[in-house]
Amino acid sequence: MSTQASNTRSESTADHAAQLDVLGDDCARTILVATSEGPKTAKELTERTDSSSATVYRRINNLLESDLIAECVRFDDDGSHTTAYEATVDILRVRIDADGIDVVVSDTEE
C-alpha cells in the first residue's frame, strides 16, 4: 500500500485559539495521535475512538480547518484508493506571557 498526499501545507493560516479549542476534545486528540502514526481512513479512526462516525467526521473537519491534519489519498495494491487523513504537526508548543497566549506548531523537532 502506498500513500500520496493530495494536500500540502506551506504556511499555517489557522487561528491558534481554534487549534487549542479543537485539542480540548478527547476524540480530536485521539484522531490526531492516530494520524501521527500514518494515514488513517475515517472508518479506521471511528474504530479507534469510542465515537460515532458522525462525530469522527466533525472532528476530522475541525482538525482540517485548524491545519492539524491533512487529507491524502491512499492507494491499495489492487489499484483502489481511499481518502485518508494524516497529522501535519509533530510539535505544538504553547507559550503564555504578558502578551497573551502564543501557539507554535511545527512538523519537525527544533
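Look a little higher up for the structure.
Residues numbered from 1 in each chain as written. Predicted model: local features only at pLDDT ≥ 70, side-chain atom pairs only at ≥ 80, totals over all residues. Heavy atoms only, no water.

A. Main features of a nonpolar patch on the surface. The grouping of Leu-92, Val-94, Ile-96 and Ile-101 at the surface amounts to a nonpolar patch, some 370 Å² of accessible area in total. By residue number, the principal contributor to the nonpolar patch is strand β4 (residues 91-97), which donates 3 residues. Within the secondary structure layout, Ile-96 lies in strand β4. Its relative accessible area of 64% is what places Ile-96 among the exposed residues. (Patch = residues over 30% accessible without salt bridge, like charges linked within 9 Å, V, L, I, M, F, W, Y side chains within 5 Å. Areas by Shrake-Rupley, 256 points an atom, 1.4 Å probe, with all protein chains shown as cover. Salt bridge = Lys/Arg side-chain N within 4 Å of Asp/Glu carboxyl O. Helix = DSSP H or I, 4+ residues; strand = E, 2+ residues; numbered from the N terminus. Buried < 20%, exposed > 50% of the residue type's maximum accessible area, 1.4 Å probe, protein only.)

B. Region of interest: the pattern of salt bridges. Under the definition given, this model contains 4 salt bridges. Asp-26 serves as the salt-bridge partner of Arg-29, at 3.4 Å between the closest nitrogen and oxygen. One end of the pair is Arg-29 and the other is Asp-26, both in helix α2 (residues 26-36) and 3 residues apart, which spans about a single turn. By relative accessible area, Arg-29 is classed as partly exposed at 35%. Between Arg-74 and Glu-44 there is a salt bridge, and its shortest N-O distance comes to 3.0 Å. Of the two residues, Arg-74 sits in strand β2 (residues 69-75) while Glu-44 sits in helix α3 (residues 42-48), which places them 30 residues apart along the sequence. Overall, the relative accessible area of 10% leaves Arg-74 in the buried class.

C. How the structure looks around the nonpolar core. The biggest cluster of nonpolar side chains holds 17 residues, and the ones touching the most others in it are Ile-31, Leu-45, Ile-60, Leu-63 and Leu-68. Those elements that place two or more of their residues in this core are α1 (16-23), α2, α3, α4 (53-65) and β3 (81-87). Examining the composition of this core, we find that 5 residues originate from one element, α2, more than from any other. (Core = buried A, V, L, I, M, F, W, Y, C linked by side-chain atoms within 4.5 Å.)

D. Quick peek at α2. For α2, the full list of buried residues reads Cys-27, Ala-28, Ile-31, Leu-32, Ala-34 and Thr-35. In a view along the axis of α2, the buried residues occupy a sector of 165°, so they form one face of it. The inward-facing, buried residues of α2 abut α1, α3, α4, β2 and β3. The backbone nitrogen of Cys-27 has a side-chain oxygen 3.0 Å away, supplied by the residue at the start of α2, namely Asp-25. Positive phi appears at Gly-38, one or two residues downstream of α2, with a value of about 140°. (Arc of directions from axis to C-beta. Contact = heavy atoms within 4.5 Å. Polar contact = N/O pair within 3.5 Å; in protein donor to acceptor, adjacent residues only side chain to side chain.)

E. Examining the pairing of strand β5 (residues 100-106) more closely. Note that β4 and β5 share 7 bridges and pair antiparallel. Note on β5: the bridge partner recorded for Asp-97 is Gly-100. In this antiparallel pair of consecutive strands, β4 and β5, the connection spans 2 residues. (Pairing = 2+ DSSP bridges.)

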